[in-house]
Amino acid sequence: MNERETTRRRIVDAAATLLEEHGIDMVTTRAVSAAAGVQPPTIYRLFTDMSGLLEAVASQGFDDYLGRKHAVALTDDPVEDLRSGWDVHVQFGLENPALYLLMYGQRTPGRHAAAVERAAERLHLLVRRVAEAGRLKVAVETGAAMIHAAGSGLMLSLIATDPEDRDPDLSPRLREAMIASITGEARAEARDCAQRAAGLKAVLDEAPGLLSPGERALLGELLDRLADAPSGSGPET
């Protein structure tokens, strides 16, 4: 790596650190220059302006994100691979909220298009493998668009929510709902448990006097919890 590339990388790393530690408002020419140990004109010479620098930070973020995606080996079950891809996406966003917002939440058409295209290609690969296995009930483009919209929307919602207020079941619930919507499949064990719990709750009134009011209330609460249990596990949110 030559001196120009070394300096460029140092500036991008400094901007990325400022972004994650202090938010995008603190990623200023003065702050980045000081953190990277360069003069302000160097930033403009290498990136044209601060928008160019932020685009480079976002592109580096996509490289990190795709590195994580590619590190997960594909299996013989393309639907499980789709689940794994979803979980990697969520985990990346939770670990890098400010960077995620720069990559997805503050994106305009045409910005870091090449990096976005690389991420889209990986998602299309995962969805296309589901189609090749005969398990997709929508077009590949439609399935990929649905998964992308749901996943990015989920992350924007989670990032905007205080960590202590996040619903840990939200990600696996939405993941399974999206997979079911594009494949027509659901995890049988979770579906059967939920259906049985909901069915039992529905017929409790047919056994009057069998349980005390307190017992009925407790059983009803437990059955509601089982009926609403997420389909499969996911990363902590």
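Residues numbered from 1 in each chain as written. Predicted model: local features only at pLDDT ≥ 70, side-chain atom pairs only at ≥ 80, totals over all residues. Heavy atoms only, no water.

Peer 1: Explain the side chain of serine 171 residue by residue, including any values.
Peer 2: Tracing the backbone shows serine 171 in helix α9 (residues 170-183). Accessibility expressed as a relative area gives 0% for serine 171, which makes it buried. Among the polar contacts listed, one links the side chain of serine 171 to the side chain of tryptophan 86, at a separation of 3.1 Å. (Helix = DSSP H or I, 4+ residues; strand = E, 2+ residues; numbered from the N terminus. Buried < 20%, exposed > 50% of the residue type's maximum accessible area, 1.4 Å probe, protein only. Polar contact = N/O pair within 3.5 Å; in protein donor to acceptor, adjacent residues only side chain to side chain.)

Peer 1: Report on the packing of helix α6 (residues 97-105) against helix α8 (residues 140-159), specifying residues and quantitative values.
Peer 2: Angle between the axes and distance between the axes are the two parameters that describe a pair of packed helices. At their nearest, the axes of α6 and α8 sit 11 Å apart, and the two run at 140° to each other. As far as their axial angle goes, α8 and α6 are oblique. Seen along the crossing, α6 lies across α8 with a hand that is left-handed. Facing α6, whose interface residues are Pro97, Tyr100, Leu101, Tyr104 and Gly105, α8 presents His148, Gly151, Ser152, Met155, Leu156 and Ile159. Per-class residue counts for the contact of α6 with α8 are 7 nonpolar, 4 polar and no charged. (Axes fitted to C-alpha atoms, helices over the stretch in contact; angles between N-to-C directions. Parallel < 35°, antiparallel > 145°, perpendicular 65-115°, else oblique. Left-handed = near helix turned anticlockwise from the far one by under 90°. Contact = heavy atoms within 4.5 Å. Nonpolar A, V, L, I, M, F, W, Y, C, P; charged D, E, K, R; others polar.)

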